[in-house]
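Next come the chains, spelled out residue by residue.
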Amino acid sequence: MKKLFSILKFAKPYWWQAVITLVMVSIGSVIDLSIPRLIQQIIDKGIAQNNNQVVVNTALIMLGITVLAALVAIIQNYFSVWVGEGFARDLREALFLKVQEYSYGNLDRMRTGQLVVRLSSDVMMLQRMVRMAIRIGTRAPILMLGSLIMIFLTNSTLALYIMPILVVIIIIAGIFVSRMGNMFLVLQQKLDKLNIVLQENIAGVRVVKAFVRDQYENERFEERNQDITDSAIRVMRTMSVLFPTVNVMVSIAIVIVMWFGGVQVIEGSLTIGEIVAFSNYLITLLSPLMIMTMLSQVVAAGIASAGRVEEVLNEEAEIVDQDDAQVFPEDMAAEVVFEDVGFHYNGHVNETVLENINLKVNPGETVAILGATGSGKSSLINLIPRFYDVAEGKVLIDGVDVRDLKQDEVLSKIGIVPQETVLFSGSVRDNIRYGRPEATDEEVIAAAKAAQAHDFIMELPDGYDTQIKARGVNLSGGQKQRVSIARALLLKPEILILDDSTSAVDVETEGKIQDALDELMVGRTSFVVAQRISTVLNADKIVVLDKGEIKAIGNHETLMVDSPIYKEIYDTQLGDGFTYEDAGLNVENER
């Protein structure tokens, strides 16, 4: 509940709309409470006394307040929607902005599917709860209290007869609402688990089919689905007991009213109109109990959603600028130095990813990072733009620790082509100039040509105006990578990082891209992470990583002589040799 109240602060800017809604709900409730009294007047003073004028006048009054009730309902709905939509918009915006602040470490812990659920369905659930709480949560208590008062005003003696029944009904309803609130909360949590399975499966359906894991995923889904079904059955079983029980108690109360009320009518101490009004007020008193039962389901779901939303909002970004963070001088040299760097991912202190990294990259040098999968190549280059902070040592750019610089300042000087290509919905042109929206068409085309992307773009249906579909499914892997490279080149960065950026293109295209990049990297500090050794042959320095440590540094010629690991990689990919592992031999012994 604390988390729920914390989230409700997003409704505070709409307090006056909420007040208007509450006023309209109150007016509507008072109108509803007046109807039985008017019916009583028609019966007792009109029909019973053969007074047609009373019947007509009272009927016209009822018609008038019915029209008024409709207008009140329209105003109430309008302002409640205003509150709900404004609340949802502000909450979504706060969540979205919070996610934008996240560092890579935060995103490692929170999966994409979870964040999508929290920004969409969880916000919608909270929005629904706010709207219902303002309208039903206010209307139900007013009707209950108002009906109880009107029952005593109508006939206090008859009210005392049914009070024990009313107390029993309220106690029963309270017990059921309390139980079902917890049951609805459990049901919502299980629904969230099912949503995660659904999102993972739909997003990875191609992988599921490729590895023939349909049966496994079906069983996993069936387990979650059955779990929800069992919980829903328990909820419905409880509700199936509640409603008949309350209906029986209500029927007993009506029988008591008719019995004792009928006796009073015969004795002349109670009129027929009063007994009809009393019965209507009794029903109006009990109906909100059923409404509150349904509201408990919405509140339980809102509590569950509030917990997940609060988790996103309270997550602190791992990478934040210091108060006295510096900026680069205009004559930036782009020297990059690693000093005794050690690194591990957050929460995995005992799992060292990088250790004892010492590397100096002079301005304008091209450095290739080579190593087997899992050797720490991507982790190493992710420390330069400070996507992660080092655990030990420091990373310096022009002699300044990156932790002492503004991160946006660092990123503005670095062009990155990530290992996983990400394109956004929009035109090809917009994707290329994503980092420089003000870039001219000529600059966009020049960057595309440098990335060997111009020719295939011109063959697309609308050229540079071709719309890229979700996740770039209408482009091949190589085409997406070339667009991504063009996007980085358009920034004209002082430091260029290519994280295995040509892995999805063929050797011929890679050669063309590499020729273009060789020209563009002149005078620019560049880091090239590669699996293919052909990509790194012309680098000024080649850094060989193995199990998170630098095993060798040099150019191609020196490493062929001094580094057995490098020579083995070269022979495997470009030579006609084979690895010791292929022969089933112990590598260290053979060396």
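Thresholds, definitions, all that
Throughout, a residue's number is its position along its own chain's written sequence, starting from 1. It should be noted that, the model being predicted, local features are given only for residues of pLDDT at least 70 and side-chain atom pairs only at 80 or more, the latter also being counted only at that level, while totals for whole chains, interfaces and linings use all residues. Derived side-chain values reflect all non-hydrogen atoms in the structure, with water molecules and hydrogen atoms excluded from consideration. Here, patches come from residues exposed beyond 30% relative accessible area and free of salt bridges, joined within 9 Å for like charges and within 5 Å for nonpolar side chains (Val, Leu, Ile, Met, Phe, Trp, Tyr). Exposure was quantified through the Shrake-Rupley algorithm and a 1.4 Å probe, taking into account, for residues, occlusion by the shown protein chains and nothing else. Here, a salt bridge means any side-chain nitrogen of Lys or Arg that lies within 4 Å of a carboxyl oxygen of Asp or Glu. The sign given to each residue is positive for Lys and Arg and negative for Asp and Glu; His and the chain ends receive no count. Where a charge lies is defined by one atom per residue type: Lys uses NZ, Arg uses CZ, Asp uses CG and Glu uses CD. Elements are defined by DSSP. Helices are runs of H or I of four residues or more, strands are runs of E of two residues or more, and each kind is numbered from the N terminus. In this analysis, strands are considered paired if DSSP registers two or more bridges between them. Only Phe, Tyr and Trp rings take part, Trp by its six-membered ring, and two of them pair if their centres are within 6.5 Å. Stacked means planes under 30 degrees apart, edge-to-face means over 60, and tilted covers everything else. To sit over a ring, a charge needs its Lys NZ or Arg CZ within 6 Å of the ring centre and within 35 degrees of the ring normal. In this description, contact between two residues means that some pair of their heavy atoms is separated by no more than 4.5 Å. Note on geometry: axes are C-alpha line fits, over the in-contact stretch for helices, and angles between N-to-C directions span 0 to 180 degrees. Angular relationships are summarised with four words: roughly parallel below 35 degrees, roughly antiparallel beyond 145, roughly perpendicular across 65 to 115, and oblique for the angles in between. By definition, any crossing whose near helix is turned counterclockwise from its far helix by less than a right angle is left-handed, and any crossing with a clockwise turn is right-handed. Three exposure classes are used, based on accessible area relative to the maximum for each residue type with a 1.4 Å probe and protein chains only: buried under 20%, partly exposed in between, and exposed over 50%.

Asker: Any details on a negative patch on the surface? Residues and values, ideally.
Answerer: Together, Glu 339, Asp 340, Glu 355 and Glu 392 make up a negatively charged patch on the protein surface. For Glu 392, the location among the structural elements is in strand S4 (residues 392–397).

Asker: Go over the sheet that holds S4 with me, naming the residues and quoting the values.
Answerer: The antiparallel open sheet is built from four strands, whose spatial order is S2-S1-S4-S5. The sheet is open, and its two edges are formed by strand S2 (354–361) and strand S5 (400–401), each paired on a single side.

Asker: With reference to specific residues and values, describe the packing of aromatic side chains.
Answerer: By the definition in use, this model includes 11 aromatic pairs. An aromatic cluster of three or more residues is present, and its members are Trp 16, Tyr 78, Phe 79 and Trp 82. Arg 213 extends its terminal NZ or CZ atom over the ring of Tyr 216, reaching a point 4.2 Å from the ring centre.

Asker: Describe the side chain of Ser 427, naming the residues involved and giving the relevant values.
Answerer: Within the secondary structure, Ser 427 sits in strand S7 (residues 426–427). Excluding residues within four positions of it along the chain, Ser 427 makes contact with Tyr 464, Asp 465, Thr 466, Gln 467 and Ile 468.

Asker: For the packing of helix H3 (residues 52–101) against helix H10 (residues 272–314), give the residues involved together with the corresponding values.
Answerer: Contact geometry of H3 with H10 gives a least axis separation of 9 Å together with a crossing angle of 45°. With respect to H10, the element H3 is oriented oblique. Along this stretch, H3 crosses H10, giving a crossing that reads as left-handed. Here Leu 91, Ala 94, Leu 95, Lys 98 and Val 99 of H3 lie close against H10, whose contacting residues are Val 309, Val 312 and Leu 313.

Asker: Would you mind going over unusual backbone geometry in detail, with residue names and values included?
Answerer: Here the phi dihedral of Asn 50 falls at roughly 55°; this positive angle occurs in a residue that is not glycine. Its place among the elements puts Asn 50 in the loop between helix H2 (15–47) and H3. Of note in this structure, Gln 452 is not a glycine but carries a positive phi near 60°. By the element assignment, Gln 452 lies in the loop between helix H14 (441–450) and helix H15 (454–458).

Asker: Now, about the pairing of strand S10 (residues 525–530): what can you tell me, with residues and values included?
Answerer: Within a regular beta strand, the side chains point alternately toward one face of the sheet and then the other, so they alternate between its two faces. Burial analysis of S10 places six of its six residues in the buried class, the great majority of the element. A two-sided burial pattern is seen for S10, the buried positions comprising Thr 525, Phe 527 and Val 529 on one face and Ser 526, Val 528 and Ala 530 on the other. Relative to S10, strand S3 (residues 366–371) is paired through five bridges, and the arrangement is parallel. By the bridge assignment, Ala 368 is partnered in S10 with Val 528. In this structure, strand S9 (residues 495–499) lies alongside S10, joined through five bridges in parallel fashion. Bridging across to S10, Ile 497 finds its partner in Phe 527.

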